[in-house]
Amino acid sequence: MDKLRPKQLVKNIYQELLPRLQIESVNPCDPIKVSYLPQPWRLLGRGNYAAVVYHPDSPDYVVKIYAPGRPGFEEEVEVYHRLGSHPAFSECFYAKDEFLVLKRLYGTTLYDCMHFGLLIPKQVIKDIDEALDYARSCGLHPHDVHGRNVMMYQGRGLVVDISDFLHQEACSKWNNLKKAYYWLYLPVFYPLRLRVPYFALDIVRKCYRLGTSVKTFCCQLSLRLTNIKYLNKYLKRY
């Protein structure tokens, strides 16, 4: 990639984008709100903490800008530092003042593939598995890997969002998605090329989030009750 272009791009970010851009995160569980994006910048995506935009003169780079008050910038910089260069991940060229300049990954998220009825070959799942293994070998902990954070491009798998890869707590989202892929998608959706409306996908996403929250609450409650039980036994003994 042209190493001179990021310098001009960074200059445009400070002079044109940041002074006029208006973004805010109303709810950390929902995508951020972009109230105003100056021309000719284009919005590419919105996460719960940051927006991703690009300039038409530099289409192979994206700018990820964190919303005011939202954490994660320093952690994401560290993750990209550890990953270095890998074909399934993006690459960071510049990071400062709560924004990153990244290599643009082209493709369609698996979430959108389900909506458009695009066939998702097994190689995509295999590529993502291998990429996550590579991240683990770099001392990272793949976290929050779901249908909106992984993509397919020319039959190969890509990992888009790595911002939570420093979180050490267990995360089963990718494993659950793989189970759904092998148990439901391959035998039903793949041969029929079924298209799933976005509202149905959103219902599944929200139900999964709710179920995960309930499961976590029940596990924590069970652990507390167990601790209380053993504490009562200890007090009675002494």
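Residues numbered from 1 in each chain as written. Predicted model: local features only at pLDDT ≥ 70, side-chain atom pairs only at ≥ 80, totals over all residues. Heavy atoms only, no water.

Caption draft 1: Region of interest: the overall build of the protein chain. Each helix and strand counted, the protein chain has six helices and 10 strands in total. When each of the 238 residues of the protein chain is scored for burial, the buried share is 34%. Roughly 14400 Å² of accessible area belongs to the protein chain as shown, and the carbon and sulfur atoms make up 56% of that amount. (Helix = DSSP H or I, 4+ residues; strand = E, 2+ residues; numbered from the N terminus. Buried < 20%, exposed > 50% of the residue type's maximum accessible area, 1.4 Å probe, protein only. Areas by Shrake-Rupley, 256 points an atom, 1.4 Å probe, with all protein chains shown as cover.)

Caption draft 2: Broad picture of a nonpolar patch on the surface. A surface patch of nonpolar side chains, about 620 Å² in accessible area, is lined by Tyr182, Trp183, Leu184, Val188, Leu192 and Leu194. With respect to the helices, strands and loops of the structure, tyrosine 182 is situated in helix H5 (residues 173-192). Its relative accessible area of 39% is what places tyrosine 182 among the partly exposed residues. (Patch = residues over 30% accessible without salt bridge, like charges linked within 9 Å, V, L, I, M, F, W, Y side chains within 5 Å. Salt bridge = Lys/Arg side-chain N within 4 Å of Asp/Glu carboxyl O.)

Caption draft 3: Broad picture of helix H4 (residues 122-137). The terminal C-alpha atoms of H4, which comprises 16 residues, lie 23 Å apart, in line with the 22 Å expected from a rise of 1.5 Å per residue. On the buried face of H4, the contacting elements are helix H2 (73-83), helix H3 (110-116), strand S9 (150-153), strand S10 (156-159) and H5. (Expected span 1.5 Å × (residues − 1). Contact = heavy atoms within 4.5 Å.)

Caption draft 4: Main features of empty space enclosed by the protein. For the structure shown, the criterion picks out one cavity of 30 Å³ or more. Elements supplying a minimum of two residues to the lining of the largest cavity: H3 and H5. Taken together, the residues of the lining of the largest cavity sort by class into six nonpolar, one polar and one charged. (1 Å grid on protein atoms, 1.4 Å probe; cavity = no way out; pocket = protein on both sides within 12 Å on 5 of 7 lines; lining within 4 Å. Points joined across faces, edges and corners; volume = space filled by probe spheres on them. Nonpolar A, V, L, I, M, F, W, Y, C, P; charged D, E, K, R; others polar.)

Caption draft 5: The arrangement of the environment of leucine 177 in detail. Tracing the chain through its elements places leucine 177 in helix H5. In sequence terms leucine 177 and glycine 147 are 30 residues apart; their C-alpha atoms lie 7.5 Å from each other. Those residues in contact with leucine 177 that lie beyond four places of it in its chain are Leu110, His146 and Gly147.

Caption draft 6: Up close: the nonpolar core. Counting residues in hydrophobic clusters, the biggest one holds 38 residues, and the most contacted among them are Phe89, Leu110, Ile128, Val159, Ile162 and Phe165. At the level of secondary structure, the elements contributing two or more residues to this core comprise strand S4 (50-55), strand S5 (58-66), H2, strand S7 (99-103), H3, H4, S9 and H5. Setting aside residues no more than four positions away along its own chain, leucine 110 makes contact with Ile120, Val124, Ile125, Ile128, Gly147, Val150, Met151, Met152 and Leu177. Ranked by size, the runner-up nonpolar core spans 17 residues in total, among them Val10, Leu21, Ile32 and Leu37. (Core = buried A, V, L, I, M, F, W, Y, C linked by side-chain atoms within 4.5 Å.)

Caption draft 7: How the structure looks around unusual backbone geometry. Cis geometry is found at the peptide bond from glutamine 39 to proline 40, where omega equals 5°. Residue placement: proline 40 occurs in the loop between strand S2 (33-36) and strand S3 (42-46). Backbone geometry places glutamine 154, a non-glycine residue, at a positive phi of 55°. Secondary-structure assignment places glutamine 154 in the loop between S9 and S10. Of note, the phi angle at arginine 193 is positive, near 55°, even though the residue is not glycine. Along the chain, the position of arginine 193 falls in the loop between H5 and helix H6 (198-237). Accessibility expressed as a relative area gives 53% for arginine 193, which makes it exposed.

Caption draft 8: Representation of the sheet that holds S4. Spatial ordering of the open sheet is given by S3-S4-S5-S7-S6, a layout of five strands whose pairing is antiparallel. Of all strands in the sheet, those bounded by a partner on one side alone are S3 and strand S6 (92-96). Taken over all neighbouring pairs, the strand axes of this sheet differ in orientation by 20° on average, direction set aside. (Pairing = 2+ DSSP bridges. Axes fitted to C-alpha atoms, helices over the stretch in contact; angles between N-to-C directions.)

Caption draft 9: Region of interest: the pattern of salt bridges. Applying the stated criterion across every chain yields a total of eight salt bridges. A salt bridge links aspartate 202 to arginine 148, with the nearest nitrogen and oxygen atoms 3.5 Å apart. Pair noted here: aspartate 202 is in helix H6 and arginine 148 is in the loop between H4 and S9, with a separation of 54 residues, a long-range link.

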